[in-house]
Every structure is written in C-alpha cells, then in structure tokens.
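# What the coordinates show
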Amino acid sequence: MIRKRIGCLALCLILFCGICSAFADGNSAAGGPGGKRIGIQMGSVFDHLVLEVIPDAELSYFNSMSDMVAALETGKIDAFPCDEPPMKLLLTENSRLASRDAGLEAVEYGAVFTKTDAGETLRDEFNGWLANLKASGELDRITVKWTEGKEADKTLPDYESFPATRGTLVMLTAGTFAPMNYFRGEEIVGMDVELAALFCEAKGYGLTVGAANFEGILSAIQTGKADFSLSSFTITEERKQSILFSDPYYSGHVLMAVMKKDAELSALTQEQLKDKRIGVMTGSVQVMQVEKLFPNAKLFYFNSDVDMLSALRAGKIDAYASAIANVKYMMAENPDLMFLEEGIGETMDIGAVFPKTDKGRELCAEFNAFLSKIKENGVQEEIQNAWFGVDESRRLAPDLESLEATKGTLRMATDATIVPFVYLINGEPAGIDIETVYRFCEEYGYGLQVVQMDFSGIIPSVLTGKVDFASSGIAYTAERAESVLFSDPTFTSLSVLAVLRPQEAAGGPSFWDTLAESFEKTFIREERWKLFTDGVVTTLVITALAILFGTLLGFGVFMLCRNGNAVANFITRICIKLVQGMPAVVLLMILYYIIFGNVSISGVVVAVIGFTLTFGSSVYSLLKLGVGTIEKGQYEAAYALGCSRKKTFFKIILP
C-alpha cells in the first residue's frame, strides 16, 4: 500500500503540472486595468517597484509568466508587471492582452557571479568582454534579434562543441522568461543563453546550461552549484549584498500587462443590434428601455438571467438586456459573457428605503453617514468587488446572530431573489445589500432581523411600520420617493446589453477545437511532450529507487534495533521523528541547499536520498508494528525447539 501511494502521488504530481502548463492559455474573463490585484513572479523585484507606485496593491505570487497570464485571463489578478522584451512577445501571441505604462522604475539586467575570489575574477572577465561587445554594436544587434526578430533567425552558437581549454563553466537560467531565456523543445534558448555562449567561446571556456526555478538560482550561485547565471536578474542593492553583478547588459522599461477592455474586443455595436433578436426579463424596466431604443428589434421574454444566457449561447437571441450588476455577477461565473459599454436608458440609483417618520429619518441619517464613511475608506468598493469577483470563498452569508444589539434590533424587509444584492447561500441571506447593512448594524450597535417577502410587498411593509427599513436592490423613482425615504445610493446601476465574446459570437472555434489547437501547439509543435515524458520517466525512476533503497534502509535499521541496542534505538527514534514530522519539500531543500550545499550533486540524486529516508522510516515503522503483534509464545516455542534468535526471526517471526 505504501509503495502504491508514493508511486501514484509522484506520478499524479507530474501529470498535474504538465497538464496545467499545457492548457494555461484558455479563454476566460477579463480583469480591469484599473484594479489593484497585481501578479508578481517569484524571486523578482517587481513587488517593491509596484508597492512604490500602488501602496495598497494586493500582490499574488506566481512561478512563471504563463501562470500570470492564465491568472489574468481568469480574472484572478488585474495586471502584472513585465519587462519590455517579454511584453512585446506576449502581445504578439495573445491578442486579448494590452500593455500600460504604470510609471514603474526602469530596470537593468546583469549577470550573476559568486562572491568569491574566483567569482570576482570571472565577473571582471565578463565585464571586459561585455564592454567590447557594446562598443562594437554587437550587443544591440543581439538584443534586436531576440526581442524583435523572427523565431527562425533566433539561433545559438554550438556551445557543446567548444574546446574548453580553460575548463567548463556551469550557467543557470530559469527558462521561463521569453525571449531572454525559454525552452524550445528540450533546448534552452534566448538572449541570456547566447550571451553566455559568446562569452565562453571568446574566453576559451566550455559551457553547460542548466535550468532552475528563478527564486532558487541565487541560492545555487551562493552555494557554488553553478559558476554564474544569466537569467534577466534585475540589479538591486539588496542582491549586491550576497552576490556579484556584472555591468548591465540590458536596460528597459517595466510595463503592466492587462486585459483589453471589452470595448476593444467587441465585434458588435448597438447600431448592429437595432433589428436583431434581444432577450428581456418579463416585467423588467429593460422591456420599456429596449422597446424605446430598438423599435425594430424582435423581443424574446424570459424569467431569469440564466435563461437568457442559455438562449444566447444556443444562438436563439443575439443579445439580452439586464442591469449591469446582474451581468457583472454572471460574467464572474461565465467567462464567455461580456456587455457593450454603451448603456441603454438612464442610470438608476439603488438604495435602502425608510419610513417618513422621526425614527425613520433618524435611522436614514445614520445609514447615510455610514455610507459616506465606507465610500471614503474603500470598504464599499471592497464589498462590491467581492460579490462581483471570481473568488467564491469571499462570498459568505454574515452571522447575524453575532451582532450585539446594544441599541435594539432592526427589522429589514427584502426579497432574497435579487442577485447579487440579496440571495440565499446555504439558506441564509447574503449579497451586497446584506453585507452593507450587516456592517452598518455592527458599527452602530444594532441587531438585525431579515424579513423575506415578495418584492411587491416591500414598500407597503415599510409604510405600515411592519419593518424598520428595506434594502433589496431597490431603484430610486420619483413615484416611490413620494411615499418613502431613500438613502444615499449604495449602488448606481445601468441597463446594458449582454453579448458573447467575439470568438463565441462569431461562430469561432468550439471548446474542443480550442483544446485540440492548444494541445497541438504546446505538445507537438513546441515538442513539450519530450519534457512531459522526461518528467514522467524521472519521477518513476525516483520512485523505484526510493522504494528499493528505502526498503533496504528500513529493514537494515530495524535489524540493528530489534535486539534492544540502546544507542541504535535512541538515534533511530530521533531520526524517525525528524523525517516523519518534516514536510517532504522542506526535507529536500535542507538536503540540497545545506547538507549537500557545497557538493556538486544532481537534484534527482537528492530526491532519491530524500524519499529513501521517508520510505525507509515508513518501512521501519511497519516492521516494528508488525513484529510487535506476534505473540510471545511464538518465540518461546521456537527457542524450545532449539532455534537460534536469528533463525527464529527469519524462519518464523518475519514470514
């Protein structure tokens, strides 16, 4: 069972990573360029640059550029910073991306060397060679070649055939930062690799190029696992404290990658929809708005936004009209949906309503003061982003019972079908209005009782005093304002036309076509199936060797301890607790960077050692547990028959 679990776990991990990498460029929802959720590549200095310009930015960290692009497309982040060379490549490969100048400080790239005498000597050699390369104009030619040239022209010197009269240098790079360093099939190419190759060729060195996680390269340089690195490292004072930088070989701007606005993507306009099929919800204000704006359009009536979206996808209608809040909420769950930014009809203010009594006016004044406060401190925007966003974990029904009713309990009327303002989550009321009112009651010391009813009964309930107020996505109208008090707007709504994104609306490739194209591009054309296969083979080799050596280790340690050797048992107990109580990743990092830090050893060998220790500790524990269940009488019977301790164990106890 242990062997199966370890083998399956390792295989599943590599399969999962390969599939995620292969299909990361699917279609999904767009994030706004003005958002504050910023993606940062692990190990880069962009987080400091971003926080200087956007102090309240919410940073999310990713392992590679492709991960950040996928997060941007799925709306998990609003933007991510990127240097100019890879940005140019991203924009040519993904028509939905755009770049923005966010005022971030320009950066300079330098080669990285160990902070030793040998490293300093190598750094000085590199600087002298780089100065000649700059003076001859060759550096500019190489830069243009990799950042703007055709892929067919991006070739490397055959560095594997270098004579290596002065020895061979090991250079590490991430291989995830095209066009500076990236994988082309199994080979790492890019401007960084060409510079390393040209330097070694000019100085009589051989060259070995290795790939490593970006955040782990500096540690590898410090521990001497590589001689130097070119991996588009930004030169910073903080990094200079632990490693040596060469003179800059590239200087450039930092841009923000964002999704293009829906207006830039849309293939439809209101003018084109004037005589098309438009869906509307029965009894909604959008019926009158569409009839007024599109007198020649053919209207189709539905009971919900979900029904209208289904009809839109099925091609039964060309667009549907709904409130922008409803469409935004639907977009978070349906990345193929968008809306035309030009609204239909006038904007509508949505707010809470109170009775025209002294108590109602006093409560309305308190609520307005609270709204003013949360608008200024950004809490209102935070609430709306949560309910319009893609993070479902943020959408929670508040615990109304937790409110301390020091000033009494308020009764609020609402219709729990007005998504996203009020609806039920696990039977409890939730939504924009519920969370806003909950926070108001929490700050002012009120308890809260939510009274659910049909929308048509809300205003009468407020007028007759059956409730203290109401909040349910209620739009301000002059007619309603004659009988009740409206608070300041909690939300400003607009009716819009929802349509499918261009690819779907224009009859573009289906999901399976897109999947097939992505598979062909990633696995076949770019030959990443070789990396995938190598990864699976490496994992299976590690698993097999770990099981073999782990079994031998566990059995050997058990044999040393089975006769009660005090020293062996004490050491074994300590080691078992350390290995079993430590996460596998931490164990591997300690082995690679500390125990074998000054030894040139393959990561595969370290993995075999680490998992051998883990598997060996499990084998030891299972043997100890299994042998412990054998009755004492078995030993006594064997001894009575004249069997030695060794023969008793191997002939009777172990079987």
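Residues numbered from 1 in each chain as written. Predicted model: local features only at pLDDT ≥ 70, side-chain atom pairs only at ≥ 80, totals over all residues. Heavy atoms only, no water.

### Observations concerning helix α24 (residues 603-628)
- Across its 26 residues, α24 extends 37 Å between first and last C-alpha, which sits within 8% of the 38 Å expected from 1.5 Å per residue.
- Within α24, the full set of buried residues consists of Val-606, Ala-607, Val-608, Gly-610, Thr-612, Phe-615, Gly-616, Ser-617, Val-619, Tyr-620, Leu-623 and Val-627.
- Between a side-chain oxygen at the N-terminus of α24 and the backbone nitrogen of Val-604 the separation is 3.1 Å; the capping residue is Ser-602. (Helix = DSSP H or I, 4+ residues; strand = E, 2+ residues; numbered from the N terminus. Expected span 1.5 Å × (residues − 1). Buried < 20%, exposed > 50% of the residue type's maximum accessible area, 1.4 Å probe, protein only. Polar contact = N/O pair within 3.5 Å; in protein donor to acceptor, adjacent residues only side chain to side chain.)

### A closer look at the sheet that holds strand β14 (residues 254-259)
- In spatial order, the strands read β3-β14-β4; together these three strands make up an open sheet with antiparallel pairing. Either end of the sheet is taken by a strand with one partner, and the two such strands are β3 (80-83) and β4 (97-100). Here the average twist between neighbouring strands, direction ignored, is 45°.
- Two strands pair when backbone bridges link them, and β4 and β14 are joined in this way by four bridges, in the antiparallel orientation. What sits directly across from Ala-98, in β14, is Val-258.
- Packed on one face of the sheet, helix α3 (residues 65-73) meets β3, β4 and β14 and runs near 140° to β3. (Pairing = 2+ DSSP bridges. Axes fitted to C-alpha atoms, helices over the stretch in contact; angles between N-to-C directions. Contact = heavy atoms within 4.5 Å.)

### Examining the sheet that holds strand β7 (residues 176-177)
- Ordered by their spatial adjacency, three strands build an open sheet running β7-β8-β9, and the pairing between neighbours is antiparallel. The open sheet has two edge strands, β7 and β9 (187-189), and neither has a second partner.
- Inspection of the sheet shows β7 paired to strand β8 (residues 181-184) by two bridges, in the antiparallel sense. Bridge assignment links Thr-176 to a residue of β8, and that residue is Tyr-182.

### Quick notes on the pattern of salt bridges
- Per the counting criterion, the structure on display carries 13 salt bridges.
- The salt bridge involving Glu-194 is made with Lys-145; its shortest N-O contact spans 3.0 Å. Of this pair, Glu-194 sits in helix α7 (residues 191-203) while Lys-145 sits in helix α6 (residues 138-148), placing them 49 residues apart in sequence.
- Overall, Glu-194 belongs to the buried group, its relative accessible area being 4%.
- Taking the relative accessible area as the measure of exposure, Lys-145 reaches 13% and is therefore buried.
- As a salt-bridge pair, Asp-358 and Arg-361 come within 4.0 Å of each other at their nearest N and O atoms. Here the residue Asp-358 and the residue Arg-361 both occupy positions in helix α14 (residues 358-377), the gap between them amounting to three residues, near one helical turn.
- Residue Asp-358 is classed as exposed on the basis of its relative accessible area of 65%. (Salt bridge = Lys/Arg side-chain N within 4 Å of Asp/Glu carboxyl O.)

### Some points on the packing of helix α5 (residues 117-135) against α7
- Taken N-terminus to C-terminus, the directions of α5 and α7 make an angle of 100°; their axes are 11 Å apart at the nearest point. Between α5 and α7, the interaxial angle falls into the category roughly perpendicular. Side by side, α5 and α7 meet where Leu-122, Glu-125, Phe-126, Trp-129 and Leu-133 of the first sit next to Leu-195, Leu-198, Phe-199, Ala-202 and Lys-203 of the second.
- Residue composition of the contact of α5 with α7, by class: eight nonpolar, no polar and two charged. (Parallel < 35°, antiparallel > 145°, perpendicular 65-115°, else oblique. Nonpolar A, V, L, I, M, F, W, Y, C, P; charged D, E, K, R; others polar.)

### Observations concerning the environment of Asn-213
- Mapping Asn-213 onto the fold places it in the loop between β10 (206-211) and α8 (214-222).
- Judged by its relative accessible area of 56%, Asn-213 falls in the exposed class.

### Overview of the confidence of the model for the protein chain
- Per-chain confidence: the protein chain averages 81 in pLDDT, with 87% of residues scoring 70 or above.
- Highest mean pLDDT in the protein chain belongs to strand β20 (residues 353-354) (96); lowest belongs to helix α1 (residues 2-22) (39).
- Low pLDDT (under 50) marks residues 1-34, which in the prediction has 64 contacts with non-local residues, meaning those over four places away or in another chain.
- Low pLDDT, under 50, characterises residues 504-509; the predicted model gives this stretch six contacts beyond four residues in sequence or across chains. (pLDDT = per-residue confidence, 0-100.)

### Quick word on the state of the cysteines
- Here the structure, examined in full by the defined rule, presents zero disulfides.
- Free cysteine Cys-575: the closest other cysteine sulfur is in Cys-561, separated by 9.7 Å. (Disulfide = S-S within 2.5 Å.)

### Observations concerning the packing of aromatic side chains
- One pass over the structure, following the stated rule, counts 18 aromatic pairs.
- Ring geometry for Tyr-109 and Tyr-249: centres 6.2 Å apart, planes at 55°, overall tilted. Separated by 140 residues along the polypeptide, Tyr-109 in strand β5 (residues 107-113) and Tyr-249 in the loop between β12 (244-245) and β13 (250-252) bring together distant segments of the chain. Assigned by exposure class, Tyr-109 and Tyr-249 land together as buried.
- Ring geometry for Phe-367 versus Phe-440: centroids 5.2 Å apart, planes at 80°, classification edge-to-face. Here Phe-367, found in helix α14, pairs with Phe-440, found in helix α16 (residues 432-444); they are 73 residues apart in sequence, far enough to count as distant. For the pair formed by Phe-367 and Phe-440, the shared burial category is buried.
- Each residue in the set Phe-354, Phe-367, Phe-370, Phe-440, Tyr-444, Tyr-446 and Phe-469 is aromatic and connected to the rest through ring pairs, giving one cluster.
- The ring of Tyr-592 carries Lys-225 above its face, with NZ or CZ at 4.1 Å from the centroid. (Phe/Tyr/Trp six-rings, centres within 6.5 Å; stacked < 30°, edge-to-face > 60°. Lys NZ or Arg CZ within 6 Å of the ring centre and 35° of its normal.)

### Details of the packing of helix α23 (residues 584-595) against α24
- The contact between α23 and α24 brings their axes to 9 Å, and the two run at 130°. It follows from the interaxial angle that α23 and α24 lie oblique. Taken as a pair, α23 and α24 cross one another with a handedness that is right-handed. The segment α23 lies against α24, with Ala-584, Leu-587, Leu-588, Leu-591 and Tyr-592 engaging Gly-603, Val-606, Ala-607, Ile-609, Gly-610, Phe-611 and Thr-614.
- Of the residues that constitute the contact of α23 with α24, the class distribution is nine nonpolar, three polar and no charged. (Left-handed = near helix turned anticlockwise from the far one by under 90°.)

### Section: the environment of Pro-81
- Locating Pro-81 in the fold gives a position in strand β3.
- Note: C-alpha distance between Pro-81 and Met-256 (175 residues apart in sequence) is 4.4 Å.
- For Pro-81, the residues in contact, after removing those within four places along its chain, are Ile-38, Gly-39, Ile-40, Phe-46, Val-50, Leu-104, Val-254, Leu-255 and Met-256.

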